[in-house]
Amino acid sequence: MKGFQLVFSTLQSRKHPNGERLSHWLVEVAEKIGIKGVTILQATQGIGRDGKLHSSTFFELADEPLEIIMNVDEKECEKLFALLSEKKLGLFYTKTAIEYGTI
């Protein structure tokens, strides 16, 4: 199948305006759209688009960088981006054309 790999970068502490963690909200939205195979990766460190070092430490996990990865077809991508555009969350992403499947 042809489609896209979407990678959204955020922080563990980042919240949706409804108060829910942004990463959890994004996974729920993907599920409602019918996107399967969403993965959340936790990183120990990262430099954000603000130029600051963000890291998880023993005392403070709220600043932990996260990546939410989805492999989607064109229709799923269009639905997701239409919804995200409406919400105006300022969520950083990368979108890469891929071929995917199961063998």
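Rules used in this analysis
Residues numbered from 1 in each chain as written. Predicted model: local features only at pLDDT ≥ 70, side-chain atom pairs only at ≥ 80, totals over all residues. Heavy atoms only, no water. Axes fitted to C-alpha atoms, helices over the stretch in contact; angles between N-to-C directions. Helix = DSSP H or I, 4+ residues; strand = E, 2+ residues; numbered from the N terminus. Parallel < 35°, antiparallel > 145°, perpendicular 65-115°, else oblique. Left-handed = near helix turned anticlockwise from the far one by under 90°. Contact = heavy atoms within 4.5 Å. Nonpolar A, V, L, I, M, F, W, Y, C, P; charged D, E, K, R; others polar. Core = buried A, V, L, I, M, F, W, Y, C linked by side-chain atoms within 4.5 Å. Buried < 20%, exposed > 50% of the residue type's maximum accessible area, 1.4 Å probe, protein only. Salt bridge = Lys/Arg side-chain N within 4 Å of Asp/Glu carboxyl O.

Novice: What is the right way to read the packing of helix α1 (residues 22–33) against helix α2 (residues 74–87) from this model?
Specialist: For any two helices packed against each other, the geometry comes down to the angle between their axes and how far apart the axes lie. In contact at an axis separation of 10 Å, α1 and α2 are set at 135° when each is read in the N-to-C sense. Judged on the interaxial angle alone, α2 and α1 are oblique. Between α1 and α2 the crossing geometry is right-handed. Taken together, the residues of α2 that come into contact with α1 (itself represented by W25, L26, V29 and I33) are E76, K79, L80, L83, L84 and K87. Residue composition of the contact of α1 with α2, grouped by class: 7 nonpolar, no polar and 3 charged.

Novice: Help me understand the nonpolar core in this model?
Specialist: General note: in soluble globular proteins, nonpolar side chains tend to be found buried as a group. One finds L6, F8, L26, M70 and L80 to be the most contacted residues of the largest nonpolar core, which totals 19 residues. By residue number, the principal contributor to this core is α1, which donates 6 residues. Beyond its immediate stretch of four places on either side in the chain, L26 contacts F8, I68, M70, L80, L84 and L91.

Novice: Hey, could you run me through the pattern of salt bridges in this one?
Specialist: Should the charged atoms of two oppositely charged side chains come close, the side chains can pair. Taken as a whole and assessed by the stated rule, the structure comprises 1 salt bridge. Residue K2 is joined to E99 by a salt bridge in which the shortest nitrogen-to-oxygen separation is 3.4 Å. In this pair, K2 is assigned in strand β1 (residues 2–11) and E99 in strand β6 (residues 92–99), connecting sequence segments 97 residues apart. Grouping residues by exposure puts K2 and E99 together as exposed.

Novice: Looking at this structure, how should I read unusual backbone geometry?
Specialist: Note: most residues except glycine have negative phi, and most peptide bonds are trans. In this model, K88 sits at a positive phi of 50°, which is unusual for a non-glycine residue. The topology assignment puts K88 in the loop between α2 and β6.

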